[in-house]
Amino acid sequence: MAIHITAAGKTNPRQPAQPMLYYPRAIQTGEVNLDDLTEQISMSTTLTETDCHAVIISLVNTVSKALDDGKIVRLGQLGTFQVSVKGTASSSAEGVSAKNVTAASIVFRPGVRFKKMLKQLTFTRKK
């Protein structure tokens, strides 16, 4: 099935006199929640929905703890998670400390299977 796209107009805030340019934007067609995932996984395995739910919740907790410990988490074909930080500059390397950190985020890098899927996507314009 194709990913639906629409046109999203954007202006350059640094050059407001320039004409608006239009870029493709993906349209989401729904969502899948944890209950949906556990049901689908249990249908394709010998695990019960409860077992699947417990495994997913445990995975989230375990990955969270590993990231909190400063580790990179590699989950094979799923991908890799790691913590990234943003912060303020210092005039010297010695001047950088925890006080310079202004935000943290989790970076996800998709695994081989996801990268392959992304390359094979097709798109259609929704009017």
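Above this note sits the structure.
We now turn to the structure provided with this report.

So, how was this worked out
- Residues numbered from 1 in each chain as written.
- Predicted model: local features only at pLDDT ≥ 70, side-chain atom pairs only at ≥ 80, totals over all residues.
- Heavy atoms only, no water.
- Helix = DSSP H or I, 4+ residues; strand = E, 2+ residues; numbered from the N terminus.
- Rg over C-alpha atoms; globule rule 2.2 N^0.38 Å.
- Buried < 20%, exposed > 50% of the residue type's maximum accessible area, 1.4 Å probe, protein only.
- Areas by Shrake-Rupley, 256 points an atom, 1.4 Å probe, with all protein chains shown as cover.
- Lys, Arg positive; Asp, Glu negative; His and termini not counted.
- Charge placed at Lys NZ, Arg CZ, Asp CG, Glu CD.
- Pairing = 2+ DSSP bridges.
- Axes fitted to C-alpha atoms, helices over the stretch in contact; angles between N-to-C directions.
- Contact = heavy atoms within 4.5 Å.

### A word on the overall build of the protein chain
Line of reasoning, step 1. Helix and strand content of the protein chain: three helices and six strands.
Line of reasoning, step 2. The N-to-C order of helical and strand elements in the protein chain reads β-β-α-α-β-β-β-α-β.
Line of reasoning, step 3. Its C-alpha radius of gyration of 21 Å places the protein chain more than 25% over the 14 Å reference for a compact globule of 127 residues.
Line of reasoning, step 4. Overall, the protein chain is about 60 × 50 × 25 Å in size when its C-alpha atoms are taken along their principal axes.
Line of reasoning, step 5. Burial analysis of the protein chain (127 residues in total) assigns 12% to the buried set.
Line of reasoning, step 6. Carbon and sulfur atoms make up 57% of the accessible area of the protein chain, which amounts to about 10,600 Å² in all.
Line of reasoning, step 7. Where the 16 positive side-chain charges of the protein chain centre and where its 9 negative ones centre are 18 Å apart.

### Things to note about the pairing of strand β4 (residues 79–87)
Line of reasoning, step 1. Pairing geometry for strand β3 (residues 73–74) and β4, over two bridges, is antiparallel. Opposite Arg74, over in β4, you have Thr80 as the bridge partner.
Line of reasoning, step 2. The hairpin turn running from β3 into β4, its antiparallel successor, is four residues long, and Gly76 in that turn takes a positive phi close to 55°.
Line of reasoning, step 3. Sheet analysis places β4 next to strand β5 (residues 101–110), joined by nine bridges and oriented antiparallel. By the bridge assignment, Phe81 is partnered in β5 with Phe108.

### Re the sheet that holds strand β1 (residues 3–10)
Line of reasoning, step 1. Judged by pairing direction, the sheet is mixed, and its three strands sit side by side in the order β2-β1-β6 without closing on themselves. Taken across any chain shown, the strands that pair with only one partner, and hence form the sheet edges, are β2 (21–27) and β6 (123–125). Direction aside, the axes of adjacent strands within the sheet are offset by 45° on average.
Line of reasoning, step 2. Where β1 and β2 come together, seven bridges link them in antiparallel fashion. Looking across to β2, one finds that Ala7 is bridged to Pro24.

### What about the environment of Val83?
Line of reasoning, step 1. Along the chain, Val83 turns up in strand β4.
Line of reasoning, step 2. On the basis of relative accessibility, which here comes to 41%, the residue Val83 falls in the partly exposed class.
Line of reasoning, step 3. The spatial distance from the C-alpha of Val83 to the C-alpha of Leu67 is 6.4 Å, given a sequence separation of 16 residues.
Line of reasoning, step 4. Other than its neighbours up to four places away in sequence, Val83 contacts Leu67, Ala104 and Ser105.

### A word on the side chain of Thr38
Line of reasoning, step 1. Relative to the elements of secondary structure, Thr38 occurs in helix α1 (residues 34–43).
Line of reasoning, step 2. Residue class for Thr38 comes out buried when judged on its relative accessible area of 2%.
Line of reasoning, step 3. When sequence neighbours within four positions are dropped, the list of residues in contact with Thr38 reads Glu49, Cys52, His53 and Ile56.

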